[in-house]
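What the coordinates show
The residues making up each chain are set out below.
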Amino acid sequence: MNKNHTIGVIVPIYNEEKYLKESINRLLAVDIFSQIVLVDDNSIDSSFEIANILAQEHSVITVIKINKNQGKGNAVITGAKKINTEYLIVHDADLEYFPSDIPELYKESIKHPTSLILGSRVLGEKERTNIYYFTYLGNKIFARIFSVFHRVRVSDIASCYWLIKVDQFLKLNIVEKGFAIEVEVLSKFLKTGNSIREVPIKYSARSYEQGKKIKLKDALVILQKIVKYRFL
């Protein structure tokens, strides 16, 4: 396969049986991915079985099973080892994000091939739904702290959508196993001397009753990691 301008997508999965099929169908409808790698983080529902059915129906899909639940970051790191495209992007298995936004990130990456392209749920006027004010406010505060520490302007450091060249990602030597992977990726990427460019994206938050997983303790860890990866 000629890797030039090809995109692979990593989908971390943990107990997403209600949303997984529709989420992957959204990716398939965009029709720009050479690879879709589904990484099941030891789900205890039927997510793994659904993922395998999708892989049987679509040759572009590969499924990886992790035998011990370790977190989103670990799933992304695991999936990245199977990606053989030029670029990769992460897509959560829920329905909070819209793959129809990814072509815009892709176009920006072609214009700026050494940059990391970040989907922003803050910039622009795209349709967005936020349920919990504390998560919305917390993300804005953390993005401000991150920006001050790194002397850049980044509006959304916890976005699921970041598009990066695979070789650039692998050189970052990412180790975070949980939700703090985004902070580690952005921090380490900036230290390479390359830029982060943001593109507005849509967003539809889900409730904890619907399966939202990030909690206050995760936010505190993210704050700690902002400091760690800036100064260590």
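Below is a short write-up of the structure. Because the structure is predicted, anything quoted here is derived from the model rather than measured.

**Description of the packing of helix H1 (residues 20–30) against helix H2 (residues 47–57)**
Axes are the key here: two packed helices are described by the angle between their axes and the distance separating the axes. The geometry of H1 relative to H2 is characterised by a closest axis approach of 10 Å and an angle of 35 degrees between their N-to-C directions. By crossing handedness, the relation of H1 to H2 is classed as right-handed. Within the contact between the two elements, H1 uses Leu 20, Lys 21 and Ile 24 and H2 uses Ser 47, Ile 50, Ala 51 and Leu 54.

**Comments concerning the sheet that holds strand S2 (residues 33–40)**
If you walk across this open sheet you meet the 7 strands as S3-S2-S1-S4-S7-S5-S8, and the pairing is mixed. Pairing within the sheet leaves two strands with one partner each, and these edge strands are strand S3 (61–65) and strand S8 (196–200). Pairs of neighbouring strands in the sheet enclose a mean axial angle of 20 degrees, with direction left out of account. Summarising the sheet, S2 and S3 pair through 5 bridges and their orientation is parallel. For Val 39, the partnering residue across the bridge sits in S3 and is Ile 64. Helix-sheet contacts for H1 involve strand S1 (7–13), S2 and S3, and the interaxial angle to S2 is about 165 degrees.

About the thresholds
Residues numbered from 1 in each chain as written. Predicted model: local features only at pLDDT ≥ 70, side-chain atom pairs only at ≥ 80, totals over all residues. Heavy atoms only, no water. Axes fitted to C-alpha atoms, helices over the stretch in contact; angles between N-to-C directions. Helix = DSSP H or I, 4+ residues; strand = E, 2+ residues; numbered from the N terminus. Left-handed = near helix turned anticlockwise from the far one by under 90°. Contact = heavy atoms within 4.5 Å. Pairing = 2+ DSSP bridges.

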